[in-house]
Amino acid sequence: MTGNRTFTMIKPDAVENGHIGAILEKITAAGFKIVAMKYTQLSLRDAKAFYAVHSERPFFGELVEFMTRGPIVAAILEKDNAVEDFRALIGATNPAEAAEGTIRKLFATSIGENAVHGSDSDENAAIEGSFHFAGREVY
Ligand code: RTP
Ligand code: MG
């Protein structure tokens, strides 16, 4: 992973609501290239580890329950300035505050169930990408 990559998940709410295709369309239309992708489900242990940074937050239990309740799509995306540009494409954490046309504005239901994840730094993009993908699964 280098500075031009980010990591994303299409979260269980968006998968349940049938938005995988529309979200991938937005991502590729915005110029991101998919270099790794899988359809999978987080175990309790996976979700707790992935969101360990939030373990002391009041919403942690809810977050882990939500992220494990059904399948997700995990992907590594490539583009110049990937982390920042992808955060702009998905919009604010709370869809009520997300800009028009962003993925969360279009597809998220609430601050907790907000359709997509995007890494918040190059360092975390690398950590999160390797959490989900072996080197030979990245093209
Ligand atoms: P993400 O990590 O999933 O891309 O989201 P984010 O950076 O925009 O937000 P973050 O602060 O990292 O929070 C991680 C996820 O926790 C859930 N959350 N629930 N109920 C709440 O008040 C609340 N706050 C955050 C959301 O699923 C959020 O994306
Ligand atoms: Mg975050």
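Our subject is the structure that appears above.
Not measured: the values here are computed from a predicted model.

When you line up the elements, E137 lands in the segment after α7 (122-132). With 13 C-beta atoms counted inside 10 Å, the residue E137 sits in the partly exposed group. Between the C-alpha atom of E137 and that of K38, which follows or precedes it by 99 residues, the distance is 9.4 Å.

Before going further, it helps to spend a moment on the site of ligand 1. Neighbouring ligand 1 are H54, F59, L63, T93, I111, G112, N114, H117, G118 and D120. For the shell around ligand 1, the class distribution of residues is three nonpolar, six polar and one charged.

Another aspect to go through is helix α5 (residues 82-90). Three or more residues of α5 are buried, namely A82, V83, F86, L89 and I90. An end-on view of α5 places all buried positions within 125° of arc, on one side of the element. Residues of α5 that are buried make contact with β1 (5-10), β3 (72-78), α6 (103-107), β4 (116-118) and α7. Directly beyond the C-terminal end of α5, a positive phi value near 90° is found at G91.

Cut-off values and rules
- Residues numbered from 1 in each chain as written.
- Chains lettered and ligands numbered in written order.
- Predicted model: local features only at pLDDT ≥ 70, side-chain atom pairs only at ≥ 80, totals over all residues.
- Helix = DSSP H or I, 4+ residues; strand = E, 2+ residues; numbered from the N terminus.
- Buried ≥ 20, exposed ≤ 12 C-beta atoms within 10 Å, placed from the backbone.
- Near = placed C-beta within 6 Å.
- Nonpolar A, V, L, I, M, F, W, Y, C, P; charged D, E, K, R; others polar.
- Arc of directions from axis to C-beta.
- Contact = placed C-beta atoms within 7 Å.

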